[in-house]
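These are the residues of each chain, in order.
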Amino acid sequence: MKTHRLILVGFGNVGQGLAQLLLDRSAALAADFGCAFQIVGVCTRSRGSVYASAGLDAAVLLEAVQSGTSLSTLAGDATGWSVEETIANAEADILVETSYTNLETGEPATGYIRQALQKGWHVSTANKGPVALHFAELAAIAKQNNVLLQAEGSVMSGTPALALGLEQMKAAGVTQVRGILNGTTNYILTQMEDGMSYADALAKAQELGYAEADPAGDVEGHDAAGKVVILANMLLNAGIGPADVDTNGITNISSADIAAAAAAGERWKLIGSLETTADGLKAAVQPMRISLSHPLASVMGATNAITYTTEVMGDVTLIGAGAGRIETGYSVLLDLLAIHRLA
Ligand code: HSE
């Protein structure tokens, strides 16, 4: 049995989802994979930090954070350490980075990831910023230090969209990727088809926790564009940034547009796409009318989907959750298992 020691940076929905999964599934993980994951430190922005070399009880951590108790009051070898101090001083194997997303700079998460990789720790991040903006640099640091950088949760949460692309479809020659990569906008389009107004549908998506803190990032297409960049850079080594994605959101789609598409046997979807062409790689996020017979047309509500078009296998489509507490926690568990298998 191999035990991997984890430092969690950020303990919001994703970190708590992971802690819950580790509590619920540790026996199955030991039996099925021969591994255990022990949280030895947690750092948060506003709820303190704690490090305990002998390990922290996930149930105690969850109870503290959910009752508003600072983690700095828990028993440990050190409390109140900053993220940088924790990475510098802690004995651990893996950084689980789930701090807040910044799609303009990727900070502060990128700095944390860089420091951990340089220390020789593997990293799992569910954060879109660092992988969308700094993947090539971070992957090079990981390689130099002989460790892994995993980011399954950055696209479609725990639905293994990146693993499918990187591990199963790449060898088939990926020529095109198309997907419904943002749950908020797909939820809004679905509700509008059922007669709800755009404003009401957006408010409901916020209430249900699908939307980003600033929902402009969803409805204007930037969240989906970040995911297109991640796919381009991780799968196709494209070296592109968000500005290279031709991005349009759903803000100009009216109820009349939706009714007109339905009358023609079509449905509006916000499609993120990558295509290798004779002129180079084309990356876009665009609202498109697609035929009801296309697999992506039947993906409704906050569900996401991705279709890989390949030379050998034609189209392969994966449909599943794109966000959520336990779902994104599961993406980190997938990363941890990949590290366990490969490291
Ligand atoms: N706001 C995002 C969405 C969350 O709606 O898909 C997951 O990245």
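Heads up: the structure comes first, above all this text.
About the criteria used
Residues numbered from 1 in each chain as written. Predicted model: local features only at pLDDT ≥ 70, side-chain atom pairs only at ≥ 80, totals over all residues. Heavy atoms only, no water. Near = heavy atom within 4 Å. Polar contact = N/O pair within 3.5 Å; in protein donor to acceptor, adjacent residues only side chain to side chain. Helix = DSSP H or I, 4+ residues; strand = E, 2+ residues; numbered from the N terminus. Nonpolar A, V, L, I, M, F, W, Y, C, P; charged D, E, K, R; others polar. Pairing = 2+ DSSP bridges. Contact = heavy atoms within 4.5 Å. Axes fitted to C-alpha atoms, helices over the stretch in contact; angles between N-to-C directions.

Caption draft 1: Quick look at the site of the ligand. Neighbouring the ligand are K128, N182, G183, T184, Y210, A211, E212, D218, D223, K227, G322 and A323. Between the ligand and K128, the relevant distance is 2.9 Å, taken from an oxygen atom to a side-chain nitrogen or oxygen of the residue. K227 places a polar side-chain atom, nitrogen or oxygen, 2.9 Å from an oxygen atom of the ligand. Within the residue set of the shell around the ligand, elements represented by two or more residues are α7 (183-193) and α10 (222-236). By residue class, the composition of the shell around the ligand is three nonpolar, four polar and five charged.

Caption draft 2: Geometry of the pairing of strand β11 (residues 280-291). Direction of pairing for strand β9 (residues 246-247) relative to β11: parallel, over a ladder of two bridges. Counted as the bridge partner of D246 is A284 from β11. Where strand β10 (residues 266-277) meets β11, twelve bridges bridge the pair, whose relative direction is antiparallel. Considered in β11, the bridge of R267 is made with I290. Hairpin connection between β10 and β11: a loop of two residues separates the two successive antiparallel strands.

Caption draft 3: Geometry of the sheet that holds strand β7 (residues 149-150). Spatial ordering of the open sheet is given by β4-β3-β2-β1-β5-β6-β7, a layout of seven strands whose pairing is mixed. Each edge of the sheet is formed by a strand with only one pairing partner; in this case those strands are β4 (78-79) and β7. Across the face of the sheet, helix α1 (residues 13-33) comes into contact with β1 (2-9), β2 (35-43) and β5 (94-97) while running at roughly 160° to β2. Along the sheet, helix α12 (residues 325-342) contacts β1, β2, β5, β6 (122-125) and β7; its crossing angle with β2, the most-contacted strand, is approximately 120°.

Caption draft 4: Structural context of the sheet that holds β9. The strand order across the open sheet built from six strands is β9-β11-β10-β8-β12-β13, with neighbouring strands paired in mixed fashion. Each end of this open sheet is capped by a strand with a single partner; those strands are β9 and β13 (314-320). As defined by bridge partners, strand β8 (residues 174-180) adjoins β10 across four bridges and the pair is classed as antiparallel. Directly across from G179, in β10, lies its bridge partner G272. Running at roughly 135° to β11, α10 makes contact with β8, β9, β10, β11 and β12 (304-310) of the sheet. Its contacts with the sheet put helix α11 (residues 255-263) on β10 and β11, and the angle it makes with β10 is roughly 85°.

Keep in mind these numbers describe shape, not what the thing actually does.
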